[in-house]
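A look at the structure
The residues making up each chain are set out below.
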Amino acid sequence: MSDTLDLPTRQLVPQPDIDLRRIGSHPDHWYPLAWSKELKPGKTYAAQFAGEPIVLIRPKDGGAVFALEDRCAHRQVPLSKGVVEGCAVRCCYHGWTYDASGKCIDVPYLGKDKLPNGVRAYPCREQDGLILIWPGDPKAITELGPLGSAHDKAFKTRRFGKQVRCHYTFMHENLMDMNHQFLHRRQMGKIAPRYLGRRKGEDWIEVDYSFARTEGSQPLGEALILSSRRGASKVSQDLMTIRTEYPYQTLRIWTSGDEPVMHLWIAYTPVDAEQKFNRTFGLLSVRRPKIPGLLDLAWPALVWFTERIFAEDREIVEMEQRAHDAQGSDWNVEVFPPIRDLRALLAANGQPMTGLAKSV
Amino acid sequence: MSDTLDLPTRQLVPQPDIDLRRIGSHPDHWYPLAWSKELKPGKTYAAQFAGEPIVLIRPKDGGAVFALEDRCAHRQVPLSKGVVEGCAVRCCYHGWTYDASGKCIDVPYLGKDKLPNGVRAYPCREQDGLILIWPGDPKAITELGPLGSAHDKAFKTRRFGKQVRCHYTFMHENLMDMNHQFLHRRQMGKIAPRYLGRRKGEDWIEVDYSFARTEGSQPLGEALILSSRRGASKVSQDLMTIRTEYPYQTLRIWTSGDEPVMHLWIAYTPVDAEQKFNRTFGLLSVRRPKIPGLLDLAWPALVWFTERIFAEDREIVEMEQRAHDAQGSDWNVEVFPPIRDLRALLAANGQPMTGLAKSV
Amino acid sequence: MSDTLDLPTRQLVPQPDIDLRRIGSHPDHWYPLAWSKELKPGKTYAAQFAGEPIVLIRPKDGGAVFALEDRCAHRQVPLSKGVVEGCAVRCCYHGWTYDASGKCIDVPYLGKDKLPNGVRAYPCREQDGLILIWPGDPKAITELGPLGSAHDKAFKTRRFGKQVRCHYTFMHENLMDMNHQFLHRRQMGKIAPRYLGRRKGEDWIEVDYSFARTEGSQPLGEALILSSRRGASKVSQDLMTIRTEYPYQTLRIWTSGDEPVMHLWIAYTPVDAEQKFNRTFGLLSVRRPKIPGLLDLAWPALVWFTERIFAEDREIVEMEQRAHDAQGSDWNVEVFPPIRDLRALLAANGQPMTGLAKSV
């Protein structure tokens, strides 16, 4: 029997001025909306960025993918239900047609001189198997840099990701705080991460860890990633660096030498207007070992291992979102300095959520 | 790559003063709540009009169907769960009993002199296979006229309809704007409707179209409706008139002569308090051809054809409702004059939605 | 045809000042959260009281069950997903650990001198197969009395209960108003309850009924409960007393003598913050007949009978909740004096609902 007479301790928790879960992703960046293979020639793909419906369109003739507001200017139904005609899309309802710039180029029952306003177009890129758009101010547009090591032939890259029912900031905190290895105890045995230090700038932060196995044997999936270049070196020499460079994250692992053996690039695109969902797009690049074919042979085990890890992470961050929904604000008590810094960075680089109606 | 630097065009869309999707159906009309065959003798049928629960009751002995507020005055549980006793209904919970006028005529544990207030009764009619009620002011009651040509032996009538997840006004606009034939391109081939003109009054509007087939062959279902009387006449002589006579709609097709070959009567009963759902009741009457039995033989094909058309219409109007929900207001840009007139008519003849609590 | 021209009668219903369905269960009582058998040694059990997440933990070594706030002080994820270690629980995410008093006793990556605040602990008892907690002010704590006759060897006790989608007050009213026997007409034949009188105090009310069967034969389940001691006595001598002693209810039946033949104890624990769900925990104790084994033999029939009755009650109280949700307030017209008194008692002994956010 535990008749503790203490008052609830939560009354003592200082509430932060800013609720991080109500900060929106800043739209002046490139955000992935789909995998290239999800959009076939002559077809459309319905996506969303923070509640804005966006249609991706791939012309039949090999033309570049383009992105439009996914609703007809006439009656607001999704253009993604329409028909691709050359480098244009015709709405399925009354046949209004828009070109890649969003301009209305045909209404079957109106003269060409009377055509109404069109729809919004988004700058669009296709790179390394991803289709990305620039949802923000087109005047602020920047070039899209490399996505991790996905372009590097020295690596084999696995593409993964799913919709996750949580605010994107939970994803950043999850990956950067390696003290959460306890969550993956069934997959990774007893690993003791050691925090080595951090560096930071205005829109980036980088945290270093070393790893030592205190118990249990190394699982196959982990071995595949780490062992290729290590030879007989000690486990404690493994170095991991996790970096948030707004709005993306990377995780690199070195076993020796200057080049990482693993390079993960990951982005979290907000889906709904409240940004309580994100679609995660991950590019996991593993350096090819010297023996050709070994990595391909081992690939199914690596896929299984990373899927399990990702499933556990997804489950826990979705629990965090549900707790936030129930509590109505952020009650977290963060004691780990890198995560405190990360939270400040995410708050400073995001923008207040305005909701769909106000943003248009 | 399509880096259009235009600002969003939607900022330029003028917003109407009235959001048509927040206008309620005016209750001072007859509205169908069920098909006759859905209510067996001695049974009840639970329906709703704009969020008001209404029970239809058919006595065992062949008495007329009557309609009551579908909640016991005592503890508010549905009377539709109760037991029909003669021309009365007994609540399933504590046995309070109401007659066809809504008067409480028995509480098993109270003296007859102490009986409490009853429940609301609604004027009720049964005609042409439909059960209709008058949800509005009983003092404003009018006679119920014919429902299309369902009463006419010269026609064979098909009854169809389902719950549709949209405001009833989307249904009116969908049917009246024949430029939406593009939606049915798979069912109807390439048809070019030609707008001929319109007439209007205070609570009605009527639009004429002619039709020409520009491409493809005529589908069987369409032929069944149109060909019976046409003989060798040109397609362009087909005339279609669509009429909204508040709150109903009709669509008539003439191939020659004064009598239509097809007469559709259709009503959209609002279901929920926000009127984001409607139950559609359609009576599609097709004139019987001179060869007896031909229409019956062809009926399954006609059913299939109209079901397909209705399914496509339902899908698109439900998309319109979802777009309205997401946008929070009506962003439509209407360029077709008959639809502009129709919208004004629907706004003028409806009434503001007050919600359930305020209306009682 | 029933063209009643009466205006809606509901406009005349006087609205009470207090909406009983917005009164919360007073937390200064013992409330069951789980059956003992639902919580195995070394395991956790996730429960809720009025929206507060609470984890029950049973140590492996036979130690007493304890109850904590079911969210880690760090990142708010459920401790019920964690690992039981001795008389403590380790959070599944970053491994923060709490003892039975809620004190944080370990954060793997922090020194013992830097440990943060812990979580709230709730007084907890296990008795007669139930696990109960005290969700209110620990300073107001009282001893937990007997739960009906579940402790009495002269009775055989059946444990039953499920989550019911309604405010707990509907449960109290349902059980106390025996005029609702009409609801159970299929199970119990035609029974005419006769109200004999009531007694009351500040936090209790007790109502007596006698029963006479007016029609139909006695079902087996009912006979099992009543006939064991009655012999040839008349049905009309059966006495039933239903008592609400805040927040519990009991129902006792006497056929003769001073000792009841049946004793039901029942509690309704509010689940969600709005208290629109309750979990019902019932202990139905039936006096063992003189012939040993007879009751055990008949038990399956009794289980079936009581399950059917409970299913009907659950269906109807859930309808009452839905009606309240639709109407937005309590429109009930209560004419039975004991229920009027019961409503006043429940209102006076409860407390306003404050919602989760405000209560912490």
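Residues numbered from 1 in each chain as written. Chains lettered and ligands numbered in written order. Predicted model: local features only at pLDDT ≥ 70, side-chain atom pairs only at ≥ 80, totals over all residues. Heavy atoms only, no water.

1. What about the interface of chain A and chain C?
This is how the line gets drawn: Whether two residues touch is decided by their heavy atoms; if any such pair falls within 4.5 Å, the residues are in contact. The quantity reported as buried area is the accessible area (1.4 Å probe) lost by two parts once they are put together, taken as the sum for both. Here, a salt bridge means any Lys or Arg side-chain nitrogen found within 4 Å of an Asp or Glu carboxyl oxygen. The definition of a polar contact used here is a pair of N or O atoms within 3.5 Å, where within protein one atom must be able to donate a hydrogen and the other to accept one, and adjacent residues in sequence count solely through side-chain atom pairs. The numbering of helices and of strands both runs from the N terminus, where a helix is a DSSP run of H or I of at least 4 residues and a strand a run of E of at least 2. Three classes are used, and their members are as follows: Ala, Val, Leu, Ile, Met, Phe, Trp, Tyr, Cys and Pro are nonpolar, Asp, Glu, Lys and Arg are charged, and the others, Gly among them, are polar.
Across the boundary between the two partners, chain A contributes 36 residues, which contact 40 residues of chain C. Together chain A and chain C conceal approximately 3,300 Å² of surface at their shared face, both sides included; 58% is due to carbon and sulfur atoms. Applying the counting criterion to the chain A and chain C interface returns three salt bridges. We note a salt bridge from C:Arg75 to A:Glu334, for which the minimum N-O separation is 3.4 Å. At the junction of chain A with chain C, the criterion picks out 11 residue pairs in polar contact (both at pLDDT 80 or more). Elements represented by at least two residues in the side of chain A that touches chain C include exactly helix H1 (168-176) and helix H4 (294-327) of chain A. Classifying every residue of the side of chain A that touches chain C by side-chain character gives 17 nonpolar, nine polar and 10 charged.

2. As for the packing of aromatic side chains
All names here are of chain B. Under the convention used in this document: When two rings of Phe, Tyr or Trp (its six-membered ring) have centres within 6.5 Å they constitute a pair, described as stacked for plane angles under 30 degrees, edge-to-face for angles over 60, and tilted for the intermediate range. For each residue, the accessible area found with a 1.4 Å probe, counting protein chains only, is set against the maximum for its type, and the residue is called buried under 20%, exposed over 50%, and partly exposed in between.
Per the counting criterion, the structure on display carries 24 aromatic pairs over all chains. With centroids separated by 4.8 Å and ring planes inclined at 50°, the aromatic side chains of Tyr 31 and Phe 49 adopt a geometry described as tilted. Residue Tyr 31 is located in strand E2 (residues 31-35), and its partner Phe 49 is located in strand E3 (residues 43-49); the two are separated by 18 residues in the primary sequence. The exposure class of Phe 49 is buried, given its relative accessible area of 3%.

3. Here we look at unusual backbone geometry
Cis geometry is found at the peptide bond from A:Tyr246 to A:Pro247, where omega equals 0°. Tracing the backbone shows A:Pro247 in the loop between strand E17 (239-245) and strand E18 (248-254). Of note, the phi angle at B:Ala50 is positive, near 50°, even though the residue is not glycine. Looking at the element boundaries, B:Ala50 is found in the loop between E3 and strand E4 (52-58). According to the relative accessible area criterion, B:Ala50 is buried, its value standing at 15%. Its identity as a non-glycine residue notwithstanding, C:Asp128 has a phi of 50°, on the positive side. Along the polypeptide, C:Asp128 turns up in the loop between strand E11 (124-127) and strand E12 (130-133).

4. What to know about the sheet that holds strand E8 (residues 97-99) of chain A
Each strand in a sheet pairs with its neighbour through backbone hydrogen bonds, running either in the same direction (parallel) or in the opposite one (antiparallel). Residue and element names in this part refer to chain A. Just so we agree on the cut-off: At least two bridges found by DSSP between two strands are what make those strands a pair. The convention used is that axes are lines fitted to C-alpha atoms, helices contributing only their stretch in contact, and that angles between N-to-C directions extend from 0 to 180 degrees.
In space, the four strands of this open sheet follow the order E6-E7-E8-E9, with antiparallel pairing throughout. Taken across any chain shown, the strands that pair with only one partner, and hence form the sheet edges, are strand E6 (83-85) and strand E9 (104-106). Across the sheet, the mean angle from the axis of one strand to that of its neighbour is 35°, orientation sign disregarded. Pairing analysis gives two bridges linking E8 to E9, with the strands arranged antiparallel. Following the sheet pairing, Thr 97 is matched in E9 by Asp 106.

5. Looking at the relation of the copies chain A and chain B
Stated formally: Least-squares superposition aligns the copies on the C-alpha atoms of those residues with pLDDT at or above 70 in both.
The two copies are related by a screw motion: chain A maps onto chain B through a turn of 120° and a shift of 0.0 Å along the axis, at an RMSD of 0.0 Å. One copy is carried onto the other by what is essentially a three-fold rotation axis. Of every C-alpha in chain A, the one belonging to A:Asp325 sits nearest the axis of rotation, 13 Å from it.

6. A short note on H1(A)
H1(A) sits mainly inside the fold: nine of its nine residues count as buried. A:Tyr168, A:Thr169, A:Phe170, A:Met171, A:His172, A:Glu173, A:Asn174, A:Leu175 and A:Met176 are the residues of H1(A) that are buried.

7. Looking at the sheet that holds strand E6 (residues 83-85) of chain C
Residue and element names in this part refer to chain C. Within the open sheet, the four strands sit side by side as E6-E7-E8-E9. Their pairing is antiparallel. This sheet does not close on itself; its edge strands, each paired only once, are E6 and strand E9 (104-106). Looking at each pair of strands side by side, their axes are set apart by 35° on average, direction ignored.

8. Considerations on the side chain of C:Glu320
Mapped onto the elements of the fold, C:Glu320 is located in helix H4 (residues 294-327). What makes C:Glu320 buried here is its relative accessible area of 1%. Not counting the four nearest positions on each side in its chain, C:Glu320 is found in contact with B:Arg75, B:Val77, B:Tyr93, C:Phe170 and C:Asn332.

9. Quick notes on the interface of chain A and chain B
With 40 residues of chain A in contact, the opposing surface of chain B contributes 36 residues. Both sides together, the interface formed by chain A and chain B hides about 3,300 Å², and carbon and sulfur atoms give 58% of it. Considering only the side of chain A, the residues that lose the most area to chain B are A:Arg75, A:Gln76 and A:Tyr93, jointly responsible for 22% of the buried surface there. Remark: the boundary between chain A and chain B carries 11 residue pairs in polar contact (both at pLDDT 80 or more). Those elements giving two or more residues to the side of chain A that touches chain B turn out to be strand E5 (66-69), strand E10 (121-122), strand E11 (124-127) and helix H6 (355-359) of chain A. Of the residues contributing to the side of chain A that touches chain B, the split by class is 25 nonpolar, seven polar and eight charged.

10. Overview of the confidence of the model for chain A
Applied cut-off: Note on scores: pLDDT gives the predictor's confidence for each residue, bounded by 0 and 100.
A residue-level look at chain A finds 87% of positions with pLDDT of 70 or above and a mean pLDDT of 89. When the criterion is pLDDT under 50, residues 1-15 of chain A qualifies, and its contacts beyond four places in sequence or with other chains add up to 40 contacts.

11. Side note on the packing of helix H1 (residues 168-176) of chain C against helix H5 (residues 337-349) of chain C
All names here are of chain C. What counts is decided by this rule: Angular relationships are summarised with four words: roughly parallel below 35 degrees, roughly antiparallel beyond 145, roughly perpendicular across 65 to 115, and oblique for the angles in between. It is the rotation of the near helix from the far one that decides the hand of a crossing: anticlockwise by less than a right angle makes it left-handed, clockwise makes it right-handed.
At a closest axis distance of 10 Å, the pairing of H1 and H5 adopts a crossing angle of 155°. Judged by the inter-axis angle, H1 sits roughly antiparallel to H5. Here the hand of the crossing between H1 and H5 comes out right-handed. Residues Thr 169, His 172, Glu 173 and Met 176 of H1 form the contact with H5, whose participating residues are Ile 339, Leu 342, Arg 343 and Leu 346. A per-class count over the contact of H1 with H5 returns four nonpolar, two polar and two charged.

12. Some thoughts on the packing of H1(C) against H4(C)
All names here are of chain C. With their axes 10 Å apart at the nearest point, H1 and H4 run at an angle of 130° to one another. Judged by the inter-axis angle, H1 sits oblique to H4. Crossing of H1 against H4: the hand is right-handed. Across from Phe 170, Met 171 and Asn 174 in H1, the residues of H4 making contact are Asp 313, Ile 316, Val 317, Glu 320, Gln 321 and His 324. Class assignment of the residues belonging to the contact of H1 with H4 gives a composition of four nonpolar, three polar and two charged.

13. Describing the pattern of salt bridges
Residue and element names in this part refer to chain A. Applying the stated criterion across every chain yields a total of 87 salt bridges over all chains. Here Glu 52 makes a salt bridge to Arg 120, at a shortest N to O gap of 3.6 Å. Residue Glu 52 is located in strand E4 (residues 52-58), and its partner Arg 120 is located in the loop between E9 and E10; the two are separated by 68 residues in the primary sequence. A single burial state applies to Glu 52 and to Arg 120, both of which are buried. Put simply, Glu 259 and Arg 287 hold a salt bridge, and the shortest N to O gap is 3.3 Å. One end of the pair, Glu 259, is in the loop between E18 and strand E19 (262-270); the other, Arg 287, is in strand E20 (residues 278-287), with 28 residues separating them in the sequence. Given a relative accessible area of 45%, Glu 259 falls into the partly exposed group. Overall, the relative accessible area of 8% leaves Arg 287 in the buried class.

14. Focus on helix H4 (residues 294-327) of chain B
Residues and elements named next belong to chain B. What counts, and what does not: Expected helix span is given by 1.5 Å per residue-to-residue step, counting one fewer step than there are residues. The reported bend at a residue is simply the angle between two axes, fitted to the 7 residues ending at it and to the 7 residues beginning with it.
Here H4 spans 49 Å end to end across 34 residues, near enough to the 50 Å set by a 1.5 Å rise per residue. Along its length, H4 reaches its greatest deviation from straightness, about 45°, at Pro 300. Just past H4, the residue Gly 328 takes up positive phi, approximately 80°.

15. As for the environment of B:Asp272
Residue and element names in this part refer to chain B. You can see Asp 272 is positioned in the loop between strand E19 (262-270) and strand E20 (278-287). Classification of Asp 272 as buried rests on a relative accessible area of 16%. Taking C-alpha positions, Asp 272 is 7.6 Å from Glu 52, a pair spaced 220 residues apart along the chain. Discounting chain neighbours no more than four positions away, the residues touching Asp 272 are Ala 50, Gly 51 and Phe 277. Side-chain polar atoms of Asp 272 contact the backbone nitrogen of Lys 276, separated by 3.0 Å. A polar contact of 2.9 Å, which involves the side chain of Asp 272, links it to the backbone nitrogen of Phe 277.

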